[in-house]
Each structure stands twice: as structure tokens, then as C-alpha cells.
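# Notes for the structure review
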Amino acid sequence: MLNKNSIANLIVTTNLDRSEVKILLGHLLRFTKAQLITHNDYILNNSQLQEFYELCNQRLLGIPINYITGTREFYSREFKVNSDTLIPRPETELLVDTILEYAKAGFSLLDLGAGSGCIAISVKLESPTLFVSAVDKSPKALEVAKFNAANLGANVEFKQSDWFSNVDAKYDIIVSNPPYIHPEDNHLDNLSFEPLDALTDFYDGLSCLRHIITNARNYLNNDGILMVEHGYDQGVSVRELFILNEFAKVTTLCDYSRNERITLGAAVN
Ligand SMILES: C[S@@+](CC[C@H](N)C(=O)[O-])C[C@H]1O[C@@H](n2cnc3c(N)ncnc32)[C@H](O)[C@@H]1O
């Protein structure tokens, strides 16, 4: 019979999704997924049990599992996250794929709204000849991004800036995953633990995108490319903004769920 405080028993009896129990146990005991299986007869001592139940309570209160463990996997690397940073989304990996497709050796790249630094750091590590800079208006998010860059060994320049306010160079590629959720969108109710100003513009969902698309040409080299992530229902409006601002070759890409997700265009003079 299973000991009630063993890993194997806690996985089946705890009142949470089993995959989440495994993540919490792995985090608490510093066990890999494989170790949780090979050591599933491991019996938690009293203080470990108490900590385990505290973690479960946090999850039951709705705190995202990534804020509890303090980490999130993005582009196959582990990033530190906390309540000052958005939890990187799988859709955003498509933005990294797209950057890597367009970036030639030695290109310069600016990421607007770095958050945890997941885009800038992944791009730099995948393509080390690129010169990568990233800005965010949140000093606390920048602290996390700098930690991630140092921890993962990525040479990325980070600075505080309200979009372009502190940007004084031109780039071959500018990318952004800005706050684009409409303030009245019901989805925000389920995201209450993430920083609200990383999610919404508190206006019409398009104001950050509008600001970035309207100003980006001043910070792009000739033939430079602007790429932005946006909401599944914002493709038409975002393409209009690109065209209004005289970008060429305007294209929208769909994510793995076939939603319009990334729009890009070239700044041709
Ligand atoms: C949707 S999050 C994206 C974070 C990260 N790039 C990612 O993809 O996970 C948007 C980011 O934009 C930042 N941000 C919001 N307003 C900004 C502004 N005016 N200037 C610079 N960054 C801003 C937020 O702090 C947040 O980190």
C-alpha cells in the first residue's frame, strides 16, 4: 500500500490537476520529471508536506503556477518570472521564429516591451551575431530581464524607455509584443495576477500598437523590418496602420491555432 505522504500518493490524491501537482513537487523537492517517476516512493517529511500544502493553496487561490515556481519555459530555456513580468506565451515563440527567419548575420534588433526578456534573449542565443537591445518602461521587469540574460549567458543591452523615448539609434529589425488586450475584454478577469499594464493599454487595445507603428520608421534603417504581435481580431486594424504609415510588403502570420497573430512590414524609402 502507498504511504499517504509519498510522491505517488500525493499525485493521485491532491485536489489539483495531476500535471500541476507534479510541477509543484518537482519545484519543492528539486526533482526532475524523471526523478519524480523513479523516486515516486519518496516520502515527504513534515516540513516538506507543510510547504507542499502551502504551494497547493496558492494554486487553489488562482496564482499562476509559473509565479509559484518562479520560472517559465520559453523557446526551450527556463526564464525567471514574477508578478512584475508577463508570463511568456507559447504564441510569442512564433515571433522569435519569424525574427530568426528575417535576421541576417550582424543585424541590429530592438525589442520594445522586454518583460522577462524572453524574446530578446532567445533571439540573441539562437543567433549570436545579432546586436540585440531591449527596452521596457518597468524598472522591475528590466531587473528580471537582466537576471535572465546573465543567467542564460545572453549579451543583450537593456534600458528603461517609454517606447521610443530613450531610443537614439536605428535598427534593422524592431519587434514588439505590446499590451494589446481591450480593457473591457473578459479575458482580463482570468489574468488578474499578471501586471495589468503589460496586458492592456486601458484604451482601445490598439493604442500601443498605433504608437509603435506610427513612430517605428524613424528608428528603422532603410529596408528595416517592423514586426508586432497582436490580438487574434486585430489583424485588419494593424495592417491598416502599417499601410497608413507607408510600410511595404505588409504581411500577417497566423499562430498554431490559426489566429492572425503577427504583422510585419518593411520600411522602404
Ligand atoms: C505583453 S508584455 C510582453 C513582455 C515580453 N516581451 C513577452 O513577450 O513576454 C508587454 C510589455 O510592454 C511593457 N510596456 C508597457 N507599456 C510600455 C511603454 N510605454 N514603454 C515600454 N514598455 C512598455 C510592459 O511593461 C510589458 O513588459
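Structure: see above.
Conventions and cut-offs
Residues numbered from 1 in each chain as written. Predicted model: local features only at pLDDT ≥ 70, side-chain atom pairs only at ≥ 80, totals over all residues. Helix = DSSP H or I, 4+ residues; strand = E, 2+ residues; numbered from the N terminus. Pairing = 2+ DSSP bridges. Core = buried A, V, L, I, M, F, W, Y, C linked by C-beta atoms within 7 Å. Buried ≥ 20, exposed ≤ 12 C-beta atoms within 10 Å, placed from the backbone. Contact = placed C-beta atoms within 7 Å.

## So, the overall build of the protein chain
Tallying secondary structure elements over the protein chain gives 11 helices and 9 strands in all. Taken along its principal axes, the extent of the C-alpha atoms in the protein chain is 75 × 40 × 35 Å.

## Describing the pairing of strand S8 (residues 248-254)
Taken residue by residue, a regular strand's side chains alternate between the two faces of the sheet. Where S8 and strand S9 (residues 260-267) come together, 5 bridges link them in antiparallel fashion. Residue Cys254 lies in a different strand from S9, and its bridge partner there is Glu260. Hairpin remark: S8 followed by S9, antiparallel, with 5 residues in the connecting loop; positive phi at Arg258, about 65°.

## Side note on the nonpolar core
By size, the foremost hydrophobic cluster in this structure holds 56 residues, and its most contacted members are Ile99, Leu109, Ile173, Ile174, Leu209, Leu226 and Met227. Those residues in contact with Ile99 that lie beyond four places of it in its chain are Leu109, Val123, Ile173, Val175 and Met227. Residues Leu10, Leu24, Leu44 and Leu55 belong to the second largest nonpolar core, which totals 9 residues.

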